[in-house]
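An overview of the molecular structure
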Amino acid sequence: DAKTTQPPSMDCAEGRAANLPCNHSTISGNEYVYWYRQIHSQGPQYIIHGLKNNETNEMASLIITEDRKSSTLILPHATLRDTAVYYCIVRPRSEKLVFGKGTKLTVNP
Amino acid sequence: EPEVTQTPSHQVTQMGQEVILRCVPISNHLYFYWYRQILGQKVEFLVSFYNNEISEKSEIFDDQFSVERPDGSNFTLKIRSTKLEDSAMYFCASRGGQSPYTFGSGTRLTVV
């Protein structure tokens, strides 16, 4: 299983872009990078995923390096409601998602 | 937007009692999961279910746990004889084909 490395915590000012990094140097060619977040004790919420191309949706953008060994989740205009734990998950060959400790993002007013 | 619904939101039970946690996955989804999160710890995989059978389970999912899809819409997790250490948030999730997981809002189980 590929492992991911994320900083334990980050801060961001409200209205600014939040850039959350993730290292996944042992990712396999057929594994996707998924991002989920968990606000307080709610259920994890899907944000975005990608294989090798950059992706954008209404919530965020995902930038994956050409060698696929790292990625960055970008929240373009962070709000207080984006304060959460963000999980970068590389989908293993088995079907389950494996959650690490993630990055606790705090958006400050 | 379709949701995964979990009931109850909070369940308190005495040690040794049986509990059933209920989930209604998204209607056209085919893969179902249970996860749990002990307070302050990581979200942990328990079990996956597809085509009316368990497809994978973790070491946590021992003989005290069982899952069932009794009527084609509900997906349940049963704990036969609860222990104090079973106290946690339990999350149900579902997905269809290549779609991402959708998680429910969870059931907080407190064993006293």
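Above this note sits the structure.
Summary of the structure given here. (Residues numbered from 1 in each chain as written. Chains lettered and ligands numbered in written order. Predicted model: local features only at pLDDT ≥ 70, side-chain atom pairs only at ≥ 80, totals over all residues. Heavy atoms only, no water.)

Some details on the overall build of chain A
Secondary structure assignment for chain A yields zero helices and nine strands. Secondary structure elements of chain A, listed N to C terminal, follow the sequence β-β-β-β-β-β-β-β-β. Taking 2.2 N^0.38 as the reference for a compact globule, 109 residues should give roughly 13 Å; the C-alpha atoms of chain A span a radius of gyration of 13 Å, in line with that estimate. By principal-axis analysis of the C-alpha atoms, chain A measures approximately 40 × 30 × 25 Å. Out of the 109 residues belonging to chain A, those deemed buried represent 44%. Put simply, 55% of the contacts in chain A that link residues at least 6 apart link residues at least 24 apart. Carbon and sulfur atoms make up 49% of the accessible area of chain A, which totals about 5800 Å². (Helix = DSSP H or I, 4+ residues; strand = E, 2+ residues; numbered from the N terminus. Rg over C-alpha atoms; globule rule 2.2 N^0.38 Å. Buried < 20%, exposed > 50% of the residue type's maximum accessible area, 1.4 Å probe, protein only. Contact = heavy atoms within 4.5 Å. Areas by Shrake-Rupley, 256 points an atom, 1.4 Å probe, with all protein chains shown as cover.)

Points about the sheet that holds strand E8 (residues 75–79) of chain B
Residues and elements named next belong to chain B. Taken in spatial order, the four strands line up as E1-E3-E8-E7 in an open sheet, and their pairing is antiparallel. Here the strands that pair on one side only, and so sit at the sheet edges, are strand E1 (5–7) and strand E7 (65–68). Across the sheet, the mean angle separating the axes of adjacent strands is 20° when strand polarity is ignored. In terms of strand pairing, E7 meets E8 through four bridges, oriented antiparallel. Bridge pairing links Val 67 to Leu 77 in E8. (Pairing = 2+ DSSP bridges. Axes fitted to C-alpha atoms, helices over the stretch in contact; angles between N-to-C directions.)

Quick look at the pairing of strand E7 (residues 70–75) of chain A
Residues and elements named next belong to chain A. Here six bridges tie strand E2 (residues 18–23) to E7, and the two strands are oriented antiparallel to one another. In the sheet register, Asn 19 faces E7, and the bridge partner there is Ile 74. Bridge analysis of strand E6 (residues 61–64) against E7 gives four bridges, and the strand direction is antiparallel. Bridge pairing in E7 places Ser 61 opposite Ile 74. In sequence, E6 turns back onto E7 through a hairpin of five residues, with Arg 68 there showing a positive phi of about 65°.

A short note on the interface of chain B and chain A
Taken residue by residue, the interface counts 19 residues in chain B and 17 residues in chain A. Linking chain B with chain A are one salt bridge, by the criterion used here. Here Lys96(A) ties to Glu56(B) by a salt bridge, and the two come within 2.8 Å at their closest N and O atoms. When contributions to the side of chain B that touches chain A are tallied by element, the ones reaching two or more residues are strand E4 (31–37), strand E5 (43–50), strand E6 (53–57) and strand E9 (88–95) of chain B. Per-element tally for the side of chain B that touches chain A: the top contributor is E4(B), with four residues. Of the residues assigned to the side of chain B that touches chain A, the class counts are 10 nonpolar, five polar and four charged. (Salt bridge = Lys/Arg side-chain N within 4 Å of Asp/Glu carboxyl O. Nonpolar A, V, L, I, M, F, W, Y, C, P; charged D, E, K, R; others polar.)

Let's talk about the pairing of strand E3 (residues 19–24) of chain B
Residue and element names in this part refer to chain B. Alternating positions in E3 separate cleanly, Val 19, Leu 21 and Cys 23 being buried on one face and Ile 20, Arg 22 and Val 24 remaining unburied on the opposite face. Pairing geometry for E3 and E8, over five bridges, is antiparallel. Across the sheet, residue Ile 20 finds its bridge partner in E8, namely Lys 78.

Focus: the sheet that holds strand E8 (residues 84–90) of chain A
Residues and elements named next belong to chain A. Across the sheet, which stays open at both edges, the five strands sit in the order E1-E9-E8-E3-E4 with mixed pairing between neighbours. Each edge of the open sheet carries a strand with a single partner, namely strand E1 (9–13) and strand E4 (45–50). When the angles between neighbouring strand axes are averaged without regard to direction, this sheet yields 25°. Of the pairings in the sheet, the one linking E8 to strand E9 (residues 103–108) comprises three bridges and is antiparallel in character. Opposite Tyr 86, over in E9, you have Thr 103 as the bridge partner.

Structural notes on the packing of aromatic side chains
Throughout the structure, instances matching the rule amount to 17 aromatic pairs over all chains. Between Phe99(A) and Tyr35(B), the ring centres sit 5.8 Å apart and the planes meet at 90°, which makes this aromatic pair edge-to-face. Taken as a pair, Phe99(A) in the loop between E8 and E9 and Tyr35(B) in strand E4 lie in two separate chains rather than in one. Each member of the pair Phe99(A) and Tyr35(B) is classed as buried. A connected cluster of aromatic rings, assembled from ring pairs, spans Tyr36(A), Tyr46(A), Tyr87(A), Phe99(A), Tyr33(B), Tyr35(B), Phe45(B), Tyr101(B) and Phe103(B). The ring of Phe45(B) has Lys96(A) sitting right over it, with the charged end atom 5.7 Å from the ring centre. (Phe/Tyr/Trp six-rings, centres within 6.5 Å; stacked < 30°, edge-to-face > 60°. Lys NZ or Arg CZ within 6 Å of the ring centre and 35° of its normal.)

What to know about the side chain of Arg91(A)
In this fold, Arg91(A) is placed in the loop between E8 and E9. Not counting residues up to four positions away in its chain, the partners in contact with Arg91(A) are Glu31(A), Tyr32(A), Tyr34(A), Leu97(A) and Arg95(B).

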